[in-house]
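Chain residues, written in single-letter form:
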Amino acid sequence: MIKNIKTVHKFLFVVNMYVREQEQMSYLSTIPRYYVRFTTYGYYKGQIITINDKIKAKIVKVININNGDDLKLLDKYVRYSGYNKVSEWLRYVNKKYHGRIPRKLVFVELLW
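Presented here is a report on the structure given in the accompanying data block.

Reading guide: rules and limits
Residues numbered from 1 in each chain as written. Predicted model: local features only at pLDDT ≥ 70, side-chain atom pairs only at ≥ 80, totals over all residues. Heavy atoms only, no water. Helix = DSSP H or I, 4+ residues; strand = E, 2+ residues; numbered from the N terminus. Contact = heavy atoms within 4.5 Å. Patch = residues over 30% accessible without salt bridge, like charges linked within 9 Å, V, L, I, M, F, W, Y side chains within 5 Å. Areas by Shrake-Rupley, 256 points an atom, 1.4 Å probe, with all protein chains shown as cover. Salt bridge = Lys/Arg side-chain N within 4 Å of Asp/Glu carboxyl O. Lys, Arg positive; Asp, Glu negative; His and termini not counted. Charge placed at Lys NZ, Arg CZ, Asp CG, Glu CD. Buried < 20%, exposed > 50% of the residue type's maximum accessible area, 1.4 Å probe, protein only.

Turning next to the environment of isoleucine 101. Structurally, the position occupied by isoleucine 101 is in the loop between helix H4 (86–96) and strand E5 (104–110). Separated by ten residues in sequence, isoleucine 101 and arginine 91 have C-alpha atoms that sit 9.9 Å apart. If sequence neighbours within four positions are ignored, isoleucine 101 has contacts with Phe38, Leu71, Leu90, Val93 and Asn94.

Taken together, the side chains of Lys45, Lys58, Lys61 and Lys76 make up a positively charged region of the molecular surface. Examined against the element boundaries, lysine 58 turns out to sit in strand E4 (residues 55–64). By relative accessible area, which is 34% here, lysine 58 ends up partly exposed.

This paragraph deals with unusual backbone geometry. Backbone geometry at isoleucine 31 places phi at a positive 55 degrees, although glycine is not the residue there. Mapping isoleucine 31 onto the fold places it in the loop between helix H2 (22–28) and strand E2 (34–39).

So, on to the environment of lysine 104. Looking at the element boundaries, lysine 104 is found in strand E5. For lysine 104, a relative accessible area of 24% puts it in the partly exposed group. Among residues more than four places away in sequence, those in contact with lysine 104 are Arg37, Phe38, Thr39, Tyr41, Gly42, Val62, Ile63 and Asn64.

Listed below in structure tokens is the structure:
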């Protein structure tokens, strides 16, 4: 009998993360080891995903952003996002999410 459906979910399903923005696609074409992005999806640490149905990856860390002070963390992660500056990254995120910044960052290790 299955007691915990989340445990079963970890083993049965591979979630696909779609990347469409030019800066992010260019970054991924350099075959980096890590990638980070904002998300509203419920990813969890250790989850195996694919990016654009091609690149296998593992969620290393899910970072919750609770207030504006936590946005200072972005300086640490911007180099893994495909953007050169935090302001460019936030401009894209604002456009994609219609003026709202998601409360989660997902840090991914690419399994080339």
